[in-house]
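Here is how the chains run, residue by residue.
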Amino acid sequence: MSPASVYHKLPERHIRLLILQPGEAGSPFQGRLVPTYIDNNPIYEALSYTWGTPEAASALQCDGLSIPLTANLHDALSRLRLPEEDRILWVDQICINQNDLAERSQQVGLMGEIYRNAVHVDIWLGEEEEDTELVIKFLPKLLSCFKTSEEGDKTSDELPDVIGTLSMLTLRSDSWEAFRNIFQRPYFRRMWILQEVVLGSKCRVYCGSYAMGWNDMARAALCFKTDITNNFEALEVVQIIRGLKQRISCGEDRSLLYLLSQTYDLQCTNPRDKVYGLLGLASDTHKGEIIPDYNQSCQQIYIEAAKLCISKYRSLTMLCCVRNPKGLSGLPSWIPDWNTVSHTREIFGFKPSEKYAAAGTTTPHFRISADNRTLYVRGKAIDRIKVLGTPIWHSDIPDNKEVQEEWRTLAQRVSPYFTGETYPTVLWRLLLADGQTRGRDSDKVRQQLYEADDYYFRVHANPSRQEEFRGPDFDITVTNTRALDFVGMYRAVVSGRRVAITEKGFLGLVLADAQVGDRICIFDGVQVPFVLRQKQNSGSKVWNLVGECYLQGWMDGRCFENLESPSKEFEIS
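Residues numbered from 1 in each chain as written. Predicted model: local features only at pLDDT ≥ 70, side-chain atom pairs only at ≥ 80, totals over all residues. Heavy atoms only, no water.

Peer 1: Please explain the sheet that holds strand β8 (residues 203-207) as it appears in this structure.
Peer 2: For sheets, the rule is that strands pair by backbone hydrogen bonds, running either parallel or antiparallel. On the basis of which strands lie adjacent, the open sheet formed by 9 strands has the order β5-β4-β2-β1-β6-β3-β7-β8-β9 and mixed pairing. Sheet topology places β5 (65-70) and β9 (210-213) at the edges, where each strand pairs with a single neighbour. Across the sheet, the mean angle from the axis of one strand to that of its neighbour is 35°, orientation sign disregarded. Where β8 meets β9, 4 bridges bridge the pair, whose relative direction is antiparallel. Bridge assignment links Y206 to a residue of β9, and that residue is A211. Seen against the sheet, helix α1 (residues 71-80) touches β1 (14-20), β2 (29-37), β3 (45-48), β4 (56-62), β5, β6 (87-90), β7 (120-126) and β8 and runs at an angle of roughly 105° to β5. The sheet contacts of helix α9 (residues 214-221) involve β7, β8 and β9, and relative to β9 the element is tilted by about 75°. (Pairing = 2+ DSSP bridges. Helix = DSSP H or I, 4+ residues; strand = E, 2+ residues; numbered from the N terminus. Axes fitted to C-alpha atoms, helices over the stretch in contact; angles between N-to-C directions. Contact = heavy atoms within 4.5 Å.)

Given below as structure tokens:
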């Protein structure tokens, strides 16, 4: 019989729970599916895992019928099954009829509650490898690198002192590499883990026969900040999860737009889930605003999400998320393709600590066409791009000295700058997008950090002059720390971007796909400038949105408000 025969239509707000029956290792899986009213607060554990390859590796015998299991789920159930008693689980692959789009849509709408209400969330990373035991032994040592206990830690990004507590050699040890390997697993690239782990009140990580607490594992992962030459994307995912857990505990905002902006690089099999996978986390989406519907096209869903983000707050901040080229055809240029992997590591419009205000105190003025294809927005054209540097990528930093040298040359070309600043101040402000402010003496501190990084840049170019580059108060430990700090600050800013010089000599950072001749504009009421490209073969001036940018000297709004020309309407399609 078809596995679908196991499934009967679920009443509203009902889920199925799997009663996984006990069994010896290697014996066939036996179980029952029990429809349950979610508001009755049933007791169960929820599984968080990756499906892996879709081919069936085994099957679950359930109510006399057979449900196919992927290889990774087979491994997970083999480890989770108890020898002598039932285990009550919620597993999406089993508890949702995957062949029924209507049921999938309905159950996805309950996903946030499912993981929030679970007594435990069981995180399955896959089977253990030869070096997994090293991770278990290494974990307490990494946790000892933090100055505060977890209970006393009020930040989501405390920087541990790995080198001071352990040693520099730790970063090249087998244990360090083994811990890195854990986070290279496909699980940490999966879109749905955000909701599952953030909402889970008690999360436990399983890797083969080993188990560890999620909080300990995630906190220890922050030690990777020390190793900036081998920083990697899974660390960002861990930081997002820790940050969102903190936001929930403090009752802070978790808007859909913020969540979308943070999850660009996470992957899912169905691109619709880039939106649907966040609904259980979003604090600003109300019933009926976005209803999961897998019969809708992905384009429709992305347009619907974008319109909600714009209209709900009368804000155009969503435009900061646009990246090109898009993988999804048929989207207007101003609608983000959330399923396109972004080469940037940071979105300027989502850096609240920097408080950019390129449009000054103006308010946004815009309208959307009836067919949802065109955005009409008021703003001012600032200048055209005249010169572009070579893009720099996350994996190149800090080793791509040729591109860094080119950027330095371009910064020198506009020195002294129209703000009165000269090189190298012009350069380090550019590399940081004038961010990472450090209190009252911010400029002095950032200058010192840059000078430490510059020391190593010059030594790399002229090794024989190393002693010459050292000043009278040179301290190698201080210089190392400052240089590492500076690289960590600027690598997120410049990744996926290139230097631009405009016809009037303005200096900026633009996305890698910007072109000479593109127009830099500032829209009324939006905190950062944008790059526009005139649409070819359009009878009138119709524009494509290329993406956000940083324009040095223009980010506080004073230059914009001093322009004599009035704002005009741009037609963006």
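Additional details are given in the paragraphs that follow.
Peer 1: How do you make sense of unusual backbone geometry when you look at a structure like this?
Peer 2: The amide bond that connects N324 to the next residue, P325, takes the cis arrangement and shows omega of -5°. With respect to the helices and strands, P325 occurs in the loop between α13 (298-313) and β10 (366-368). Here the bond from Y423 into P424 is cis, since omega is 10°, no more than 30 degrees from zero. Of note, P424 is situated in the loop between α14 (401-413) and α15 (425-431). A positive phi angle, close to 55°, is found at D63, a residue other than glycine. Notably, D434 is not glycine yet its phi reads approximately 50°, a positive angle.

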